[in-house]
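# Descriptive structure summary
Take a look at the letters that make up each chain.
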Amino acid sequence: MSGATGNDRDRVRAVRAFVRQRSSGPTGRDILRRFAYQVYVVAVVSGLWVAAVARTIDGPRLEAPPVSGDVLADLPAAVVALALVLTVVGMRLGTWTGPVLVSRPEAAWLLPAPLDRRVLLGRRLVAGLGLFALVGGVVGLAVGTVVAFEVRTGATTTVATTTLGFGALGMLVGTLALAVESSHRLARTVLRTTPVALLVVAALSWLAAVRPDLATWTTPWGWAAAPVATAVSVGGPSPWLATGLLVATATVATRLALHRLGGIADEELVRRAGAASAVSASAALFDARAIAQLRRAGQRWLVGVRDVPLPRSHRRWTLVARRDLASLLRRPGAVERTVVVVVAAAGLVAVFGGAIPALVVAVVAVSGVAGQLVEPLRIELEEPVLEELTPLRPVDVTPEHLAVPAVTMATAGVVAVAVGALSGVLDGAAVPAALLAAIAVGVLLAAAAGLTATRESPPLQWLLHAEPGVFLLVGWVVAGPLLALALVLPLALAVNTALAAGATPLDAVAGPALVALLVAGGLAWLTTWRVGRRADD
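Residues numbered from 1 in each chain as written. Predicted model: local features only at pLDDT ≥ 70, side-chain atom pairs only at ≥ 80, totals over all residues. Heavy atoms only, no water.

### Quick word on the overall build of the protein
A tally of helices and strands in the protein yields 24 helices and 0 strands. For the protein, the proportion of its 537 residues judged to be buried stands at 41%. Taking the contacts inside the protein whose residues are at least 6 apart along the sequence as the reference set, 79% of them involve residues at least 24 apart. When the accessible surface of the protein is split by element, carbon and sulfur atoms take 68% of a total near 27,300 Å². (Helix = DSSP H or I, 4+ residues; strand = E, 2+ residues; numbered from the N terminus. Buried < 20%, exposed > 50% of the residue type's maximum accessible area, 1.4 Å probe, protein only. Contact = heavy atoms within 4.5 Å. Areas by Shrake-Rupley, 256 points an atom, 1.4 Å probe, with all protein chains shown as cover.)

This is the structure in structure tokens:
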């Protein structure tokens, strides 16, 4: 419909009133009221956070971390890269979900009715864009806080403008996700061109590092980095001017998005309604793996199964590894996501000089992608197809299932070291030590992910018992990251101790890397033993 008249709005209100009368669930007004309350709580907490950060940073007793001027000068380029990666993630999110979501009853009864689509879905779009803006604001708050702690000048302006700017950027990304949600062809294009998009992100980040003044003046992603550029005295527009430009752009994009609501196909909304319902059920059970499977299923529905021409295997020990490699390459974006997370984690550790908080964040993020790489092992334990087709048992092929994740993680680590060497973050003397550390840590985290994959799903009884069940469920969820931290942090402390004692980088890394490889072998043996015990039970 070209426009929403008064009769159209009255008709939609009448239908909504009938649906509210016949439904026992929360109404649209209840959802908006709940969302407004959440936004209010986040705004109050964010305001208190900004005030506390500003008071702490401006205080005379805080010592600034020893970060070099070259690293500070590269922070705007890093923020531009972060904004671009968030844009790519948001557009990929629009391929299987999006800012406009309806329930399954609404998809079945309201969408086929002759109602104005903009009036029917307007509130959903506003709530969805608000959620995108909220996520962006949280990211901006974290970025502004880190930069303010490093620079210590203009803390209030830096944190406030970065938070508002990234919130507006999140809303802008939400409108792009709506465009992906509205076009089947665009959704397929986004999934197929993600590697090219990541190359574009790398090129634009390099341009932002070379010409930060040009980057912070010309694009919305540069405007998001303008407060950081001003804080580190690189140049660019005023933080409040850049934030205003970003807010104005997000407002115009939102207005255009409201006019595009009529172009969303019914089948896209129906498909996303089913996915949203399944995601809500999985989230209630803390089942992140089921949510990942839903995401992969939605993307597979768009692009199909990728044909991977791998050579046939004629040896038993390469049969499972070939099948796992084909499964990895067929998953849309699996390899790209692993490389991006590992490179970002390595860059975070390098920028902050191996600080413990940065190392913790990096290890948790990398252990998450390592856990996704061992999905074939989980499938083998839950659906032992190989045992029905061949005389092999799951315990016989468990080491082969760990081969592809270990090689993938090690390769991603090598790529991260190459990026660091090409960008100048690593000097020539540190490259061999960084390569050895990347390979050893990648293999270690893959082995740790394989061990956690042998666990059975948490029983439903944990959800029925409030006090002990919640703690057990939370412990089950965080067991993987905690194991990764327990393995990596002592090795990092050993390396830092050796470097402080005057050892060369290669000598400082050699011993802990050997220990990491030996521990990875022990974890692989323990994983095989647990698989055998699980089969016997």
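That shown, we press on.
### Some remarks on the confidence of the model for the protein
Of all residues in the protein, 75% have pLDDT values of 70 or greater, and the mean over the chain is 78. Within the protein, the element-level pLDDT minimum falls on helix 19 (residues 385-389), averaging 59, and the maximum on helix 21 (residues 431-453), averaging 91. The model gives residues 59-68 a pLDDT under 50, and that stretch makes 14 contacts with residues more than four places away or in other chains. (pLDDT = per-residue confidence, 0-100.)

### Digging into helix 11 (residues 220-231)
Along helix 11, 10 of the 12 residues are buried, which leaves the element largely enclosed by surrounding structure. Taken residue by residue, helix 11 has Pro 220, Gly 222, Trp 223, Ala 224, Ala 225, Ala 226, Pro 227, Val 228, Ala 229 and Ala 231 as its buried positions. Buried residues along helix 11 sit against helix 4 (75-93), helix 6 (117-151), helix 7 (155-182), helix 10 (212-218) and helix 12 (239-259). Backbone geometry just downstream of helix 11 places Ser 233 in the positive-phi region, at approximately 60°.

### Some remarks on the packing of helix 7 against helix 11
Direction vectors running N to C along helix 7 and helix 11 enclose 170°, while the axes themselves pass 9 Å from each other. When the axes of helix 7 and helix 11 are compared, the pair comes out roughly antiparallel. Of helix 11, the residues touching helix 7 (which contributes Thr 158, Thr 161, Thr 162, Phe 166, Leu 169 and Leu 172) are Pro 220, Trp 221, Ala 224, Pro 227 and Ala 231. (Axes fitted to C-alpha atoms, helices over the stretch in contact; angles between N-to-C directions. Parallel < 35°, antiparallel > 145°, perpendicular 65-115°, else oblique.)

### Side note on empty space enclosed by the protein
A full pass over the atoms with the stated rule returns 1 cavity of 30 Å³ or more. If you add up the space inside the largest cavity, you get close to 40 Å³. Asp 324, Leu 328, Arg 331, Leu 373, Pro 376, His 401, Val 404 and Pro 405 are the residues that line the largest cavity. Counting residues per element, the lining of the largest cavity draws most heavily on helix 20 (residues 394-423), at 3 residues. (1 Å grid on protein atoms, 1.4 Å probe; cavity = no way out; pocket = protein on both sides within 12 Å on 5 of 7 lines; lining within 4 Å. Points joined across faces, edges and corners; volume = space filled by probe spheres on them.)

### Digging into the environment of Ile 439
Within the fold, Ile 439 resides in helix 21. Every residue in contact with Ile 439, bar those within four places of it in the chain, is listed here: Ala 410 and Val 414.

### Side note on the nonpolar core
Most often, soluble globular proteins keep nonpolar side chains buried together rather than apart. Counting residues in each nonpolar core, the largest one holds 43 residues, and the members touching the most others are Val 342, Val 363, Val 366, Met 409, Leu 444 and Leu 523. Tallying contributions element by element places helix 21 first for this core, with 10 residues. Residues in contact with Leu 444, not counting those within four places in the same chain, are Leu 487, Val 488, Leu 491, Ala 516, Val 519, Ala 520 and Leu 523. The next biggest cluster of nonpolar side chains, apart from the first, holds 31 residues, and it includes Val 79, Phe 166, Ala 225 and Ala 250. (Core = buried A, V, L, I, M, F, W, Y, C linked by side-chain atoms within 4.5 Å.)

### Observations regarding helix 9 (residues 194-210)
Relative to the 24 Å expected for 17 residues at 1.5 Å per residue, helix 9 spans 24 Å between its end C-alpha atoms, a close match to the ideal helical length. If you check which residues of helix 9 are buried, you get Thr 194, Val 201, Ser 205 and Ala 208. Around the axis of helix 9, the buried residues are gathered within 60° of arc, so they sit on the same side. Looking at helix 9, the residues exposed on the side facing more than 90 degrees away from the buried face are Val 196, Leu 199 and Trp 206. (Expected span 1.5 Å × (residues − 1). Arc of directions from axis to C-beta.)

### Things to note about the pattern of salt bridges
One pass over the structure, following the stated rule, counts 1 salt bridge. The closest approach of N and O atoms between Arg 378 and Glu 375, which form a salt bridge, is 3.4 Å. Taken as a pair, Arg 378 and Glu 375 lie in helix 18 (residues 375-382) at a separation of 3 residues, close to a single helical turn. (Salt bridge = Lys/Arg side-chain N within 4 Å of Asp/Glu carboxyl O.)

### Describing the packing of helix 11 against helix 12
As a packed pair, helix 11 and helix 12 sit with axes 8 Å apart at the nearest point and diverge in direction by 160°. Classified by the angle their axes make, helix 11 and helix 12 are roughly antiparallel. Handedness of the crossing formed by helix 11 with helix 12: left-handed. In contact with Pro 220, Trp 223, Ala 224, Ala 226, Pro 227 and Thr 230 of helix 11, helix 12 contributes Pro 239, Ala 242, Thr 243, Leu 245, Leu 246 and Thr 249. A breakdown of the residues in the contact of helix 11 with helix 12 according to their chemical character gives 9 nonpolar, 3 polar and no charged. (Left-handed = near helix turned anticlockwise from the far one by under 90°. Nonpolar A, V, L, I, M, F, W, Y, C, P; charged D, E, K, R; others polar.)

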